[in-house]
Amino acid sequence: MQPVLNIGIRAARKAGDLIFRYLNRLDSLKIASKQHNEFVTEVDQKAEQEIINTIQSSYPDHAFLGEESGASGEGDQVWIIDPLDGTTNFIHGFPQFAVSLAFKIKDRLELAIVYDPLRQELFTACRGEGAQLDGKKIRVSNRSKLAGTLIGTGFPYRANAEHVDEYFGMLKSVLKETAGVRRPGAAALDLAYVAAGRLDGFWEIGLQPWDMAGGALLIQEAGGIITGFLGKQDYMETGNVLAGTPKVHGHLMKLIKPHLGPGLK
């Protein structure tokens, strides 16, 4: 898998370089609205095409599932791409966004790459070989209790706004038991931070596969747990994700469960 990972890293870095070059040109950036408060820029589109072109030059038979271009190609070897996770942050100049790639064969994730072009931090994972940050092994934190933990989250929006009351019930419960909750606005980085021990846990409602795929394998290979809200391996289908150290994950699940309405179970 190392040659495939190397090509993925090359693609992520090229996309990151493109994103970085646009930072000083935000005023002239072309921005379109997908739907209310959800945006796409020419940077998203160009970065995704850069990734696909780079990978296709070495692996023309690979297929793709991209946030901007959708599904393309056929076969069991598929790259799941979020070319700019945190677009709303990016267009405001808020420095929290990333490139996220995952490679799966059939239904199993094999490789993960999350690249932060501002900090030039590269998170990678190969199934069965652990997770790394800039070539050094990373592990989830050693927290076993909620007291003192720092938890990441994302607010429900778009079609998931109907769950806002349930979400705020969850948030209130988690705030009472932890040292703090953070909402930076880029799920791929949030999940990578769980893998690196910077966050002890994370939950969010209604993510898309490209938001989660890279971060999911990072967490698993770093010794953490990632599931749906009820502990099932259905988060890629439902978009409802709960992650953390093995003990923190269990504690968070107990806090979140009482607030789950029929649409979240």
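What this report covers is the structure whose coordinates are included nearby. Computed from a predicted structure; not experimentally measured.

### Remarks on helix H1 (residues 2-22)
Then step 1. If you check H1, its first and last C-alpha atoms are 31 Å apart, about what 21 residues at 1.5 Å a residue would give, namely 30 Å.
Then step 2. For H1, every residue scored as buried is listed here: Val-4, Leu-5, Ile-7, Gly-8, Ile-9, Ala-11, Ala-12, Ala-15, Gly-16, Leu-18, Ile-19 and Tyr-22.
Then step 3. Residues of H1 that are buried sit in contact with helix H2 (42-58), strand E5 (77-85), helix H3 (87-91), strand E6 (98-105), strand E7 (108-116) and strand E8 (121-126).

### So, helix H4 (residues 164-177)
Then step 1. A rise of 1.5 Å per residue sets the reference length of H4, with its 14 residues, at 20 Å; its end C-alpha atoms lie 20 Å apart and thus fit the reference within 8%.
Then step 2. All of the buried residues along H4 are Glu-166, Tyr-167, Gly-169, Met-170, Leu-171, Ser-173 and Val-174.
Then step 3. Packed against the buried residues of H4 are strand E11 (150-154), strand E12 (180-182), strand E13 (201-204) and helix H8 (246-256).

### Re the layout of surface pockets
Then step 1. When its volume is computed, the second largest pocket comes out at roughly 290 Å³.
Then step 2. Per-element tally for the lining of the second largest pocket: the top contributor is helix H7 (residues 235-238), with three residues.
Then step 3. Of the residues in the lining of the second largest pocket, the class split is six nonpolar, two polar and five charged.

### Considering the pairing of E8
Then step 1. For E8, the tally of buried residues reaches six of six residues, placing the bulk of the element in the interior.
Then step 2. Where burial is concerned, the two faces of E8 agree: the one with Glu-121, Phe-123 and Ala-125 and the one with Leu-122, Thr-124 and Cys-126 are both buried.
Then step 3. The pairing of E7 with E8 spans six bridges and is classified as antiparallel. Note that in E8 the partner of Val-114 across the bridge is Phe-123.
Then step 4. What sits between the antiparallel neighbours E7 and E8 is a turn of four residues, in which Gln-120 has the positive phi angle 55°.
Then step 5. Direction of pairing for E8 relative to strand E9 (residues 130-133): antiparallel, over a ladder of four bridges.

Reading the values: rules and limits
Residue positions are counted from 1 within each chain, in the order its sequence is given. Where local features are concerned, this predicted model is filtered to residues with pLDDT of at least 70; where side-chain atom pairs are given and counted, the filter is 80 or more; whole-chain, interface and lining totals use all residues. Hydrogens and water are ignored here; the side-chain numbers use all heavy atoms of the structure. What counts as a helix is a DSSP run of H or I of at least four residues, what counts as a strand is a run of E of at least two, and both are numbered from the N terminus. One less than the number of residues in a helix, times 1.5 Å, gives the span that helix is expected to have. A 1.4 Å probe rolled over the protein chains alone gives each residue an accessible area, and that area as a share of the maximum for its type sets the label: buried under 20%, exposed over 50%, partly exposed in between. We call two residues in contact when some of their heavy atoms are within 4.5 Å. Using protein atoms alone on a 1 Å grid, points that fit a 1.4 Å probe yet trap it form a cavity, whereas open point sets bounded by protein on both sides within 12 Å along at least five of seven lines form a pocket; residues with an atom within 4 Å of a point count as lining. Grid points are joined across faces, edges and corners, and a volume is the space filled by probe spheres set on the points. For this scheme, ten residues count as nonpolar: Ala, Val, Leu, Ile, Met, Phe, Trp, Tyr, Cys and Pro. Four count as charged, namely Asp, Glu, Lys and Arg, and the remainder, Gly too, count as polar. Being paired, for any two strands, means DSSP has found at least two bridges between them.

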